[in-house]
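Single-letter residue listing:
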Amino acid sequence: MNRTSVDDDVTDGDDLSTGLGLRPESRVERRANRRKARARRGFGCFAGLISLLVVGALVAGAVIGFGKGRDAIEQMFAAPDFEGSGTGTVVVEITQGQSAQAIADTLEKKGVVKSARAFERAARDDPRSRQIQAGTYTLHKEMSAKAALELMLDTAKSILVTRISFRAGLTKAEVSETLQKSKLKLPAGAAATALGKTAALGLPSYAKNNAEGFLYPGTYDVPKGATAYTILKLMTAQYAKAAAELDLVKTADRKKLDPYQAVIVASIIGAETNRPQDYTKVSRVIYNRMRAGMRLQMDSTIHYVVGRDGGVFTTPEQRDMDSPYNTYKVKGLPPTPINSPTKDTLRAALNPAQGSWLYFTLINLDTGETAFASTSDEHMNNVKKLQAWCQAHKGRC
């Protein structure tokens, strides 16, 4: 008997299916079944591959669709925007470190763009927006967001280049002279004419239609082609801001002061001393002398009329002149401020130091050191200190 045929018979006879009463699976059937199993496995892998491809296509379509969808949504909820390059002139200040959102908010508030969102989108879509510089810009009202961005990026056209500085303590006549000599190249007499038309300057109601004392000192950036009115209104607006921060009118009222008188006192303080630590003391001396019925005897009020000419003292002839500003002869405050005070001197006028001083005098013209006294004897001793300093520095007094 052949060994192979015997083995095949034994193998077929040992199939466990015979124990269940089923027909034994032949060798041919087993091979066919194995081929079917392999076919099923192959189809499963192919089906999985097809599924991955389908999912990938769906994801890719979703990504592409999202971009289009986003554009459609943005179009549906488009930010309100003007059209064109706008009209008129608007001055806008951009500070260092302002974000695109903050800039956009500023432009909307100033009426440059119709909505902050429109400018934010224009800035987002233009990488050059990161180059926007801090500065003061001349823009237009009702510009499209894109036009506003383009003009801000063109700094040669939009950033203000005319800068004018007014030091503290200038009279309105000196402000007028500074304006006339500025790079604005104003027509002759334009500044004086503007100062005369007080109704257009935005003065507070208590200013008695006089700009003296309300032309706030500082540095101002002004639009190209600006008029004298433009600058003067900027100065009075800055005064209004300082006064509001000090709550000047209500504070003066609580202290039984007229707000106009507070401005006059502040102007005298700034003219009498250049040391901030002495502002409130000078303020106290002024109020103490007025309360005691004494003349103020301030050289600064005479200088307002006759000019200072670099000196700090007045002559006997000047102190004898007839003028409402001659506080050596006339009791009380002068009729108007004598210069443009600062926020610090305004604060000192509203909040004098506590003390009984009735006198003060410079004792060192180089440092501005000032000595205060409550009696005439103390004051005369301080005057001797001044005389000693003048003796040691001949030609300086």
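In the block above lies the structure referred to throughout.
Residues numbered from 1 in each chain as written. Predicted model: local features only at pLDDT ≥ 70, side-chain atom pairs only at ≥ 80, totals over all residues. Heavy atoms only, no water.

1. A few points about the overall build of the protein
Here's step 1: The helix and strand tally for the protein stands at 16 helices and six strands.
Here's step 2: Per-residue burial for the protein yields a buried fraction of 38% across its 397 residues.
Here's step 3: Here the analysis covers contacts within the protein between residues at least 6 apart in sequence; of these, 61% occur between residues at least 24 apart.
Here's step 4: Split by element, the accessible area of the protein, about 23100 Å² in all, is 54% carbon and sulfur. (Helix = DSSP H or I, 4+ residues; strand = E, 2+ residues; numbered from the N terminus. Buried < 20%, exposed > 50% of the residue type's maximum accessible area, 1.4 Å probe, protein only. Contact = heavy atoms within 4.5 Å. Areas by Shrake-Rupley, 256 points an atom, 1.4 Å probe, with all protein chains shown as cover.)

2. Quick word on the environment of Glu108
Here's step 1: Turning to its location among the elements, Glu108 is positioned in helix 3 (residues 100-109).
Here's step 2: When its relative accessible area of 37% is taken as the criterion, Glu108 is described as partly exposed.
Here's step 3: Separated by 33 residues in the primary sequence, Glu108 and Lys141 have C-alpha atoms spaced 9.8 Å apart.
Here's step 4: Excluding residues that lie within four positions of it along the chain, Glu108 makes contacts with Val113, Lys114, Ser115 and Ala116.

3. Description of helix 7 (residues 172-180)
Here's step 1: Among all positions in helix 7, only Val175, Ser176 and Leu179 are buried. The buried residues of helix 7 occupy one face: seen down the axis, they fall within an arc of 100 degrees. (Arc of directions from axis to C-beta.)

4. Focus on helix 16 (residues 376-392)
What sets the pattern is the α-helix's 3.6 residues per turn: residues three or four places apart point alike.
Here's step 1: Taking 1.5 Å per residue, 17 residues should reach 24 Å; helix 16 reaches 24 Å between its end C-alpha atoms and fits that length.
Here's step 2: All of the buried residues along helix 16 are His379, Asn382, Val383, Leu386, Trp389 and Cys390. Down the axis of helix 16, the smallest arc covering the buried residues is 110 degrees, so these residues share one side. The outward face of helix 16, more than 90 degrees from its buried face, is lined by the exposed residues Asp377, Lys384, Gln391 and Ala392. (Expected span 1.5 Å × (residues − 1).)

5. Things to note about the pattern of salt bridges
Here's step 1: According to the stated counting rule, one finds twelve salt bridges in the structure shown.
Here's step 2: Ionic pairing is found between Arg275 and Asp278, a salt bridge with its closest N-O pair at 3.0 Å. (Salt bridge = Lys/Arg side-chain N within 4 Å of Asp/Glu carboxyl O.)

6. Notes on unusual backbone geometry
Here's step 1: In this structure, Lys208 is a non-glycine residue whose phi angle is positive, near 60 degrees.
Here's step 2: One can find Lys208 in the loop between helix 8 (190-196) and strand 4 (218-222).
Here's step 3: Classification of Lys208 by relative accessible area gives exposed; the value is 59%.

7. Description of the environment of Lys146
Here's step 1: By the element assignment, Lys146 lies in helix 5 (residues 145-153).
Here's step 2: For Lys146, a relative accessible area of 61% corresponds to the exposed category.

8. Let's talk about the packing of helix 9 (residues 228-246) against helix 15 (residues 343-350)
Here's step 1: Two elements in contact, helix 9 and helix 15, have axes whose closest approach is 10 Å; the angle formed by their N-to-C orientations is 40 degrees. Accordingly, the angle class assigned to the pair helix 9 and helix 15 is oblique. Between helix 9 and helix 15 the crossing geometry is right-handed. Seen from helix 9, the contacting residues are Tyr239, Ala242, Glu245 and Leu246; seen from helix 15, they are Lys343, Leu346, Arg347 and Leu350. (Axes fitted to C-alpha atoms, helices over the stretch in contact; angles between N-to-C directions. Parallel < 35°, antiparallel > 145°, perpendicular 65-115°, else oblique. Left-handed = near helix turned anticlockwise from the far one by under 90°.)

9. Some remarks on the packing of aromatic side chains
Here's step 1: Counted by the stated rule, this structure contains seven aromatic pairs.
Here's step 2: With a centroid separation of 5.7 Å and an interplanar angle of 35 degrees, the aromatic rings of Phe360 and Phe372 are classed as tilted. Placement of the pair is Phe360 in strand 5 (residues 359-364) and Phe372 in strand 6 (residues 369-373), with a sequence separation of twelve residues.
Here's step 3: Among the residues examined, Phe372 registers a relative accessible area of 16% and is labelled buried.
Here's step 4: Residue placement shows Arg319 over the ring face of Tyr328; its charged tip is 5.7 Å from the ring centre. (Phe/Tyr/Trp six-rings, centres within 6.5 Å; stacked < 30°, edge-to-face > 60°. Lys NZ or Arg CZ within 6 Å of the ring centre and 35° of its normal.)

10. Remarks on the nonpolar core
Here's step 1: Counting 59 residues, the largest nonpolar core has Phe166, Ile231, Leu232, Tyr239 and Ile286 as its most contacted members.
Here's step 2: When neighbours within four sequence positions are excluded, Ile286 is seen to be in contact with Val265, Ile268, Ile269, Leu296, Met298 and Leu333.
Here's step 3: In terms of nonpolar packing, the next biggest core, distinct from the first, is built from 24 residues, Ile94, Leu107, Ala118 and Leu139 among them. (Core = buried A, V, L, I, M, F, W, Y, C linked by side-chain atoms within 4.5 Å.)

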